[in-house]
Amino acid sequence: MSNPPPRPSHSSGIVRLLVLFFIGVAAVAAWRYEIHPPIRPEAGWVPPHPSNRWTCIVIHHSGSDAGGADRFDEWHRKRGWDELGYHFVIGNGTDTAMGQVEVGPRWTEQKHGAHTKTDDEYYNQHGIGICLVGNFDKYPPNPKQMESLARLVKYLCRQYHIPVSHIYTHGGITHKTDCPGKYFDLAKLKRMVER
Ligand SMILES: [Zn+2]
């Protein structure tokens, strides 16, 4: 009497499928890591209690040839605001180093901005305000400033799930100013953030 041939096991088929599935997931994760390596945040970029209020990013220039967070803080207080209106300031080698990212107290506290006035205050409530020192009506931002900006914006987009389509300029929102100046190239920034 011969033994019946072994029947193909149902459960081993499932195990094989699961193994293939996990290999696939790992391959996609590795590929994504290769294309989009994580950005290591600088000190101060990670607030102690991150908020989920942020839905967009608004870019500004200072309109001045020189400056930094301390100087703008002074200017903004003179205008009657409680403190520096932006969340971040990117230096141009005057008050701070070229491309240096300064973190404002509003970011640390995850507090609303004071940089983009609209009737409903949406962009101050939900927009991360970043100011580049310089007057981009007269000259373009320094490449090092653009690199720092792209790195910061890329980090913020990933961390707060902000799509690239939600990166705006001040003037693009209000149409009442040409901030951050005619030489600021938003399309270029978006390309840098996407690559
Ligand atoms: Zn502005």
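Residues numbered from 1 in each chain as written. Predicted model: local features only at pLDDT ≥ 70, side-chain atom pairs only at ≥ 80, totals over all residues.

Right, let's talk about unusual backbone geometry for a bit. Trans is the prevailing form of peptide bonds, just as negative phi is the prevailing case for residues other than glycine. Residue Pro 180 is bonded to the preceding Cys 179 through a cis peptide linkage, with omega at 5°. Considering the arrangement of structural elements, one finds Pro 180 in the loop between helix 6 (170-174) and helix 7 (186-194). Even without being glycine, Gln 110 reaches a positive phi, approximately 55°. Along the polypeptide, Gln 110 turns up in the loop between helix 3 (105-109) and helix 4 (122-126). In this structure Gln 110 comes out as partly exposed when scored by C-beta crowding, with 15 C-beta atoms within 10 Å. In this model, Glu 121 sits at a positive phi of 65°, which is unusual for a non-glycine residue. Topologically, Glu 121 is positioned in the loop between helix 3 and helix 4. (Helix = DSSP H or I, 4+ residues; strand = E, 2+ residues; numbered from the N terminus. Buried ≥ 20, exposed ≤ 12 C-beta atoms within 10 Å, placed from the backbone.)

Another aspect to go through is the packing of helix 5 (residues 143-159) against helix 7. For the pair helix 5 and helix 7, interaxial distance at closest approach is 9 Å and the crossing angle is 60°. Classified by the interaxial angle, the pair formed by helix 5 and helix 7 is oblique. Once helix 5 is placed against helix 7, the crossing between them reads as right-handed. Note on element contacts: helix 7 touches helix 5 through Leu 189, Met 192 and Val 193, opposite Met 146, Leu 149, Ala 150, Val 153, Lys 154 and Cys 157. Grouping the amino acids of the contact of helix 5 with helix 7 by side-chain chemistry returns eight nonpolar, no polar and one charged. (Axes fitted to C-alpha atoms, helices over the stretch in contact; angles between N-to-C directions. Parallel < 35°, antiparallel > 145°, perpendicular 65-115°, else oblique. Left-handed = near helix turned anticlockwise from the far one by under 90°. Contact = placed C-beta atoms within 7 Å. Nonpolar A, V, L, I, M, F, W, Y, C, P; charged D, E, K, R; others polar.)

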